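Summary of structural features
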Amino acid sequence: MTAEPTMSNPIEHWPLATLVARCRAAQAHGPAIDAFADGEDGACFELLRRGLEAHNDEAWRAFEAQFQALFTHWLQQDLAHFGFNEITATEHEELWAEARSRFVSRYSRLQALTEHFDHIGAVLKVIQKCIRSTVQELRRQRVRQERLVNALQQMQLQQSQPLQLPSAQVELAELRRCITTQIEQDLPEADLRQLLFLRYVDNLKPREISAQYPAIYPDVAAVHTALERIMKRLRRRIDQYVTRCL
């Protein structure tokens, strides 16, 4: 017979396997978050409490595993809503890790989760908000990336235009100097800076870069990986580049 919380057998003393089984059974009440308020006996909440308050890694992994399908569904929904149709499995994992980190960093310091949440449904709503804010931040980062890329491409376009007026030449030189200075501060690796300018200033395609530098970039995938690494490094600074240089 399945255990029930009692004075002599409080839920805090239940074995982890029992909590997992009861939490799984609670999920059968329906997909709606509010269903957990009525149908869940506290097992899911206890899994979370042990994971956060007691810093029990096994309990946290069990909690995450119980709701991973729901978290993935929310993440996919938000990605589609903000127009991200080509997200790799690695990026998907990174986004969930960021959303999870936002939740954990905020609530792991609490002395008692019950002071902030009445039931597991309330917790899930907060996690859903963390997922949404993570995707929103990704969208803002992509917009900032586009602004930097547009600035670099504008440099390339102006550089290729013949018979520039002296004033335009001065503006171009100042733009190049400003952006180059900013990038050098945040991207000290010479090979990465070279790749950034090869791609967005010299306007070389990834296959052309790979053909010219096979020892560094043996294939197109290596170029894309390095570019993504660059953008991750610079994405929090792009607004400053645009503000200072454009």
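Residues numbered from 1 in each chain as written. Predicted model: local features only at pLDDT ≥ 70, side-chain atom pairs only at ≥ 80, totals over all residues. Heavy atoms only, no water.

Here the focus is the overall build of the protein chain. What the protein chain contains, in helices and strands, is 11 helices and 0 strands. For the protein chain, the α and β elements follow one another from N to C terminus as α-α-α-α-α-α-α-α-α-α-α. The buried share among the 246 residues of the protein chain stands at 40%. When the accessible surface of the protein chain is split by element, carbon and sulfur atoms take 50% of a total near 13900 Å². (Helix = DSSP H or I, 4+ residues; strand = E, 2+ residues; numbered from the N terminus. Buried < 20%, exposed > 50% of the residue type's maximum accessible area, 1.4 Å probe, protein only. Areas by Shrake-Rupley, 256 points an atom, 1.4 Å probe, with all protein chains shown as cover.)

One finds Leu-48, Phe-63, Phe-67, Phe-71, Phe-103 and Ile-120 to be the most contacted residues of the largest nonpolar core, which totals 39 residues. Per element, the largest residue contribution to this core is 10 residues, and it comes from helix α4 (residues 57-81). Membership of the second largest hydrophobic core comes to 21 residues, among which are Leu-148, Ile-183, Leu-187 and Leu-227. (Core = buried A, V, L, I, M, F, W, Y, C linked by side-chain atoms within 4.5 Å.)

Summed over all chains, the structure comprises 8 aromatic pairs. Seen from their ring centres, Phe-71 and Trp-96 are 4.8 Å apart, and the 25 degrees between their planes marks the pair as stacked. Taken as a pair, Phe-71 in helix α4 and Trp-96 in helix α5 (residues 89-107) lie far apart in primary sequence, 25 residues in all. Taking relative accessible area as the criterion, Phe-71 reaches 1% and is therefore assigned buried. For Trp-96, a relative accessible area of 10% translates into the label buried. (Phe/Tyr/Trp six-rings, centres within 6.5 Å; stacked < 30°, edge-to-face > 60°.)

For the largest pocket, the calculated volume is near 600 Å³. The wall of the largest pocket is formed by 23 residues, among which Glu-91, Arg-142, Gln-145, His-224 and Glu-228 lie closest to the centre. For the lining of the largest pocket, the secondary structure elements donating two or more residues are α5, α6 (120-160), α8 (190-200) and α10 (220-234). Element by element, the count of residues in the lining of the largest pocket is highest for α10, at 7 residues. (1 Å grid on protein atoms, 1.4 Å probe; cavity = no way out; pocket = protein on both sides within 12 Å on 5 of 7 lines; lining within 4 Å. Points joined across faces, edges and corners; volume = space filled by probe spheres on them.)

With 76% of its residues at a pLDDT of 70 or more, the protein chain shows a mean pLDDT of 79. Averaged pLDDT values over the elements of the protein chain bottom out at 48 in helix α2 (residues 35-39) and peak at 93 in α4. (pLDDT = per-residue confidence, 0-100.)

Moving on: the packing of helix α1 (residues 16-26) against α4. Between α1 and α4, the least distance of the axes is 11 Å, while the angle of their chain directions is 20 degrees. Taken together, the axis directions place α1 and α4 in an arrangement best described as roughly parallel. The crossing of α1 and α4 is right-handed. On α4, the residues that touch Leu-16, Val-20, Cys-23 and Arg-24 of α1 are Glu-58, Ala-59, Ala-62, Gln-66 and Phe-67. Tallied by class, the residues present in the contact of α1 with α4 amount to 6 nonpolar, 1 polar and 2 charged. (Axes fitted to C-alpha atoms, helices over the stretch in contact; angles between N-to-C directions. Parallel < 35°, antiparallel > 145°, perpendicular 65-115°, else oblique. Left-handed = near helix turned anticlockwise from the far one by under 90°. Contact = heavy atoms within 4.5 Å. Nonpolar A, V, L, I, M, F, W, Y, C, P; charged D, E, K, R; others polar.)

We now examine the packing of α4 against α5. The geometry of α4 relative to α5 is characterised by a closest axis approach of 11 Å and an angle of 115 degrees between their N-to-C directions. Along this stretch, α4 crosses α5, giving a crossing that reads as right-handed. Counting all contacts with α4, which are made through Trp-60, Glu-64, Gln-68, Phe-71, Thr-72, Leu-75, Gln-76 and Leu-79, the residues of α5 involved are His-92, Leu-95, Trp-96, Arg-100, Phe-103 and Val-104. Classifying every residue of the contact of α4 with α5 by side-chain character gives 8 nonpolar, 4 polar and 2 charged.

With respect to the helices and strands, Asp-78 occurs in helix α4. Its relative accessible area of 5% is what places Asp-78 among the buried residues. Setting aside chain neighbours within four positions, we find Asp-78 in contact with Ile-131, Arg-132 and Val-135.

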